[in-house]
Amino acid sequence: MKPSREKRRQNRPDRPSQQSHRMEMSAGADRDPRKAVAEPAPRRILSRRKGALPEENLPLIMEVAPNEDYALIDSGAGRKLEQYGPYRIVRPEGQAIWQPALGAKDWENADAVFTGDTDEEGMGRWRFPGEPLGETWPMRHDGIDYLGRFTSFRHVGVFPEQASHWSHMERLIRSARRPVKVLNLFGYTGLASLVAARAGAEVTHVDASRKAIGWARENQEIAGLADKPIRWICEDAMKFAEREERRGNAYDIILLDPPAYGRGPKGEVWQLFEDLPALTDICRTILTPQPLAVVLTAYSIRASFFAIHALMRDTFTGLGGTVESGELVIREKSAGRALSTSLFSRWVAA
């Protein structure tokens, strides 16, 4: 965000693993490579809970349509053409195995093109066909201002498909009509945290990258939300959650946006299939007596959403509510095709 992992990108070629969205922003860039990797912590002992499974709603496909802030203009032949605020951007997209609907002129009219290594974890560079552009530019989501940024791993600081989760979370916060505490794990550049804070929640934002935390703080200032209660914490997500469990701290909404693989700031190793069951188990224990939701998104993994759906139902056995699972997709502007970006599963209280 680059140790080894599967070479082929799976559900979301554009989404970083913890190396991708953090290697230039966190694990590799922030750590001294001469330091020893942290000793692995004792593995949490898990047992299946007794009680009734939550209700289920699946498959649920949540899509983001083109809007004035962001649009997937066209896609195909392993690429996608997007509109981020004032700029048209071309990036690799391994899942776009169809052919572009627009002609070459539309694609050539891009302001920025990511070139170089097409592997998700490979570094590359941006080419600017017209005038050179700065590293950052102003962006907006639903009235919240923030900065887009050209990074060496093709990412620009926001994942538009997450807007479906953000709007759902905002509705839960506003309709609760009481103080709400939100924990945003693997929070990256902070858009979800800003949406929650604007809605009136007290937010704790956790990310392993000092650079990502710095970018998120900058976004808070740009959004005019500096007075909102957001704690910005640079720490390994698992270690933070374990500490909150020991301290007895609790949250009404927990967001989980983990990578497939990565390292924390002190060399902690994260492997999604090995570590996610323990982390979701901890998340259950740090919910308030009247929780609202736990939202999990999974990128770049070789799995069906049924896998994380079953995990979430087992984890929240006995708490009632509903587990909703499926895919996040972006609706294309040119031909109306849907580009799948990730799997998700969320437990929502009754």
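Residues numbered from 1 in each chain as written. Predicted model: local features only at pLDDT ≥ 70, side-chain atom pairs only at ≥ 80, totals over all residues. Heavy atoms only, no water.

With respect to the packing of aromatic side chains
Two descriptors summarise a pair of aromatic rings, namely the distance from one centre to the other and the angle between the planes of the rings. The condition is simple: Aromatic contacts are taken between Phe, Tyr and Trp rings whose centres are within 6.5 Å, Trp giving its six-membered ring; a plane angle under 30 degrees counts as stacked, one over 60 as edge-to-face, and the others as tilted. Each ring is checked for a lysine NZ or an arginine CZ that lies within 6 Å of its centre and within 35 degrees of its normal; such an atom marks a charge sitting over the ring.
Applying the stated criterion across every chain yields a total of 13 aromatic pairs. Here arginine 149 stacks its cationic end above the ring of tryptophan 215, 4.5 Å away from the centre of that ring. Directly above the aromatic system of tyrosine 251 lies the positively charged group of lysine 181, at a separation of 5.3 Å from the ring centroid.

Topic: the environment of arginine 217
Threshold: Here a helix means four or more residues in a row that DSSP labels H or I, a strand means two or more in a row labelled E, and each is numbered from the N terminus.
Within the secondary structure, arginine 217 is located in helix H6 (residues 210-222). For arginine 217 and threonine 189, which are 28 residues apart along the polypeptide, the C-alpha to C-alpha distance reads 8.1 Å.

Points about the packing of helix H4 (residues 163-176) against helix H5 (residues 191-198)
The condition that has to hold: Axis geometry follows a simple rule: fit a line to the C-alpha atoms, using only the stretch in contact for helices, then measure angles between N-to-C directions, giving values from 0 to 180 degrees. Roughly parallel means an angle under 35 degrees; roughly antiparallel, over 145; roughly perpendicular, 65 to 115; everything else is oblique. The hand of a helix crossing depends on one turn: near helix anticlockwise from the far one by less than a right angle means left-handed, and clockwise means right-handed. Contacts: residue pairs with any heavy atoms within 4.5 Å of one another.
Two elements in contact, H4 and H5, have axes separated by 9 Å at closest approach and are oriented at 25°. With respect to H5, the element H4 is oriented roughly parallel. In this structure, the crossing between H4 and H5 has a hand that is right-handed. Taking contact as the criterion, the partners of Trp166, Met169, Glu170, Ile173 and Arg174 in H4 are, on H5, Leu191, Ala192, Val195, Ala196 and Arg198.

What about H4?
Quick note on the threshold: Here a helix's expected span is defined as the number of its residues, less one, multiplied by 1.5 Å. Exposure categories follow from relative accessible area, calculated using a 1.4 Å probe and restricted to protein chains: below 20% of the type maximum is buried, above 50% is exposed, and the middle band is partly exposed.
Between its first and last C-alpha, H4 extends 20 Å over 14 residues, near the 20 Å set by a 1.5 Å rise per residue. H4 sits mainly inside the fold: 10 of its 14 residues count as buried. Along H4, the residues that are buried comprise Ala163, Ser164, His165, Trp166, His168, Met169, Glu170, Leu172, Ile173 and Ala176. Phi for arginine 177, located one or two positions after H4, is positive at around 55°.

Some remarks on the confidence of the model for the protein
The following threshold applies: On a range of 0 to 100, pLDDT expresses the predictor's confidence in each residue.
With 86% of its residues at a pLDDT of 70 or more, the protein has an overall mean of 87. The low-confidence segment residues 1-37, where pLDDT is below 50, has 142 contacts with residues more than four positions distant or belonging to other chains. In the model, residues 118-122 has pLDDT below 50 throughout and makes 24 contacts with residues more than four positions away in sequence or in other chains.

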